[in-house]
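If you want the building blocks of each chain, they are given just below.
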Amino acid sequence: MTKLTPEAKKKLRSRSRLVHLGRDSEANHGFINYPAYRGSTVLFPDVETMKKRNQRYTYGTHGTPTTDALCEAWSEISGAAGTVLVPSGLFAIIAALTTALSAGDHLLMTDAAYQPARIYCDTILKRMGVETTYYDPAIGAGVGALMRPNTRAIFVEAPGSQSLDMQDIPAIAAVAREKGVCVIMDNTWATPLFFSPHAHGVDLAVEAGTKYLSGHSDLLLGLVSANAAWFPRLHKMVDSLAVQPGPEDVYLALRGLRTMELRLREAERQALALAHWLKGRAEVKRIVHPALPDYPGHEIWKRDFTGSSGLFSIVLNPVSDRAVAAMLDGLELFGMGYSWGGFESLVIPFDCTKYRTATQWAPGGPTLRFSVGLEDIEDLKEDLDRGFARLRKASDEP
Ligand SMILES: *Cc1c(COP(=O)(O)O)cnc(C)c1O
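Anyway, here's the lowdown on the structure attached to this text.

**Topic: the site of the ligand**
Phase 1: Taken together, 14 residues surround the ligand, and among them Gly89, Leu90, Asp186, Thr210 and Lys211 come closest.
Phase 2: In this structure, threonine 210 approaches the ligand through a side-chain N or O atom, which is 2.5 Å from an oxygen atom.
Phase 3: Protein chains shield 90% of the accessible area of the ligand, which is 380 Å² for the free molecule.
Phase 4: The element that contributes the greatest number of residues to the shell around the ligand is helix α5 (residues 89–100), accounting for three residues.
Phase 5: A per-class count over the shell around the ligand returns six nonpolar, five polar and three charged.

**Looking at helix α7 (residues 169–179)**
Phase 1: By the burial criterion, the buried members of α7 are Ile169, Ala171, Ile172, Ala173, Val175 and Ala176.
Phase 2: Buried residues along α7 sit against β3 (131–135), β4 (151–157) and β5 (182–186).
Phase 3: Capping the start of α7, aspartate 168 holds a side-chain oxygen 3.2 Å from the backbone nitrogen of alanine 171, two or three residues further along.
Phase 4: Directly beyond the C-terminal end of α7, a positive phi value near 65 degrees is found at glycine 180.

**Side note on the packing of aromatic side chains**
Phase 1: Using the criterion set out here, one finds seven aromatic pairs in the structure.
Phase 2: Through a chain of ring-to-ring contacts, the aromatic side chains of Trp189, Phe195 and Phe305 assemble into a single cluster.
Phase 3: For the cation-ring pair, arginine 118 lies above tyrosine 134, with the distance from its terminal atom to the ring centre recorded as 3.9 Å.
Phase 4: Positioned above the aromatic ring of tryptophan 230 is the side chain of arginine 233, whose terminal nitrogen or guanidinium carbon lies 3.8 Å from the ring centre.

**What to know about the pattern of salt bridges**
Phase 1: Per the counting criterion, the structure on display carries 23 salt bridges.
Phase 2: Residue arginine 303 is joined to aspartate 168 by a salt bridge in which the shortest nitrogen-to-oxygen separation is 2.7 Å. Taken together, the residues span a long stretch of sequence, with arginine 303 in helix α11 (residues 298–304) and aspartate 168 in the loop between β4 and α7 at a distance of 135 residues.
Phase 3: Using a relative accessible area of 19% as the deciding quantity, one classes aspartate 168 as buried.
Phase 4: Residues joined in a network through salt bridges with shared partners are Arg281, Glu283, Asp385 and Arg392.

**Comments concerning the packing of helix α10 (residues 247–279) against helix α13 (residues 377–396)**
Any two packed helices are characterised by how steeply their axes cross, that is the angle between the axes, and by the distance between the axes.
Phase 1: The N-to-C vectors of α10 and α13 enclose an angle of 35 degrees; their axes lie 11 Å apart at closest approach. The way α10 lies across α13 gives a crossing that is right-handed. Of α13, the residues touching α10 (which contributes Gln270, Ala273, Leu274, Trp277 and Leu278) are Ile377, Leu380, Lys381, Leu384, Asp385 and Phe388.
Phase 2: Looking at the contact of α10 with α13 residue by residue, the classes come out as eight nonpolar, one polar and two charged.

**Some details on the packing of helix α12 (residues 321–329) against α13**
Phase 1: α13 packs onto α12 with a crossing angle of 150 degrees between their chain directions and a minimal axis gap of 7 Å. One finds that α12 runs roughly antiparallel with respect to α13. Between α12 and α13 the crossing geometry is right-handed. Taking contact as the criterion, the partners of Arg322, Ala323, Val324, Ala326 and Met327 in α12 are, on α13, Leu384, Gly387, Phe388, Arg390, Leu391, Ala394 and Ser395.
Phase 2: Here the residues of the contact of α12 with α13 are counted per class, giving eight nonpolar, two polar and two charged.

**Remarks on the side chain of threonine 67**
Phase 1: If you trace the backbone, threonine 67 turns up in helix α4 (residues 65–78).
Phase 2: By relative accessible area, threonine 67 is classed as buried at 7%.
Phase 3: Not counting the four nearest positions on each side in its chain, threonine 67 is found in contact with Leu85, Gln244 and Val250.

**As for the sheet that holds strand β2 (residues 106–110)**
Phase 1: Taken in spatial order, the seven strands line up as β1-β7-β6-β5-β4-β2-β3 in an open sheet, and their pairing is mixed. Unpaired on one side and paired on the other, β1 (82–86) and β3 mark the two borders of the sheet. Direction aside, neighbouring strands of the sheet carry axes that sit 20 degrees apart on average.
Phase 2: Where α4 meets the sheet, it contacts β1, β6 (204–208) and β7 (222–226), and its direction lies at approximately 130 degrees from that of β1.

Reading the values: the criteria
Residues numbered from 1 in each chain as written. Predicted model: local features only at pLDDT ≥ 70, side-chain atom pairs only at ≥ 80, totals over all residues. Heavy atoms only, no water. Near = heavy atom within 4 Å. Polar contact = N/O pair within 3.5 Å; in protein donor to acceptor, adjacent residues only side chain to side chain. Areas by Shrake-Rupley, 256 points an atom, 1.4 Å probe, with all protein chains shown as cover. Helix = DSSP H or I, 4+ residues; strand = E, 2+ residues; numbered from the N terminus. Nonpolar A, V, L, I, M, F, W, Y, C, P; charged D, E, K, R; others polar. Buried < 20%, exposed > 50% of the residue type's maximum accessible area, 1.4 Å probe, protein only. Contact = heavy atoms within 4.5 Å. Phe/Tyr/Trp six-rings, centres within 6.5 Å; stacked < 30°, edge-to-face > 60°. Lys NZ or Arg CZ within 6 Å of the ring centre and 35° of its normal. Salt bridge = Lys/Arg side-chain N within 4 Å of Asp/Glu carboxyl O. Axes fitted to C-alpha atoms, helices over the stretch in contact; angles between N-to-C directions. Left-handed = near helix turned anticlockwise from the far one by under 90°. Parallel < 35°, antiparallel > 145°, perpendicular 65-115°, else oblique. Pairing = 2+ DSSP bridges.

Rendered as structure tokens:
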């Protein structure tokens, strides 16, 4: 079998790349996959090599062939100069922010950011002397007006967590570039397969590998990819923080990578089918899904994204909390729990009106977020149909 050269790998279409990136069977005695390299100590052959540290692997915290394989593959599909791995998606956000910001700096943060990220900004970053201003996710190029001389980073997330606000990333990145401000994006929803972050002006792109990369709800992982200008600083920061995800999790993430596009496209198809079905229900007021033509921000999604994932929200017509609980408590296929992007369908009630500070999100009814998995769509509809019957029954009761 002819070996694919790095150049030939770059030319492959994305599905073929996902199969062939981050693999070297020659280096693995013919086996298809890298093993999960474990270890703290790495031996040096002689004093000279040890003094100069001129071998690729020097200690467990500085990477292994398994972590390198995932980083290389992720950089390729992200169009990045390099990638670092950390033990969770939230830590990936923290690593990116910590790379870009120092005492005395100012951060602009989307009001629709993954909520736990706000806690880091409002507590630790604040204590370190970094001031955070939350901004309206729909701001676009208007973000320039919020910039101060000490603004050093803009954090974007599109679509945003729970409320799925779209953001005009190229417009924001253009303003940032002019002022030398770092653009950090949480790209977990789309993954690099549906939104190419660095080609759209993002400097540091965060992915919770816990979601679609894993795809099986069995691991926690964070990835940060960077363009050439930012990778050295990112790498230095994460190296000095001395964090590495566990080898088994990295191994499983590489395994997830092979089927990520298939799973993502199926999640997209299933989620769109379910969204259209929900749209026709009398109990549903509104669908919050960027790929639906009447969604605010749909045009931006269509312009910049090449697909939509399995995560979307809905707004119910006003009913009591008790009626919503009756609907959710009896569901048999949809589980209720945090995280998403796995093979199984999930639903959670949410209320992002509680923590937003720059904008008001006034949905006008109870809100639910769905992560659509790989079950048969007819079974999922039947489960929800029975749920809606319970909701109606509970609303009718005095
Ligand atoms: C889940 C999630 C994270 C955090 O990932 P963990 O691995 O659970 O820490 C970050 N950003 C977004 C958008 C997420 O949905």
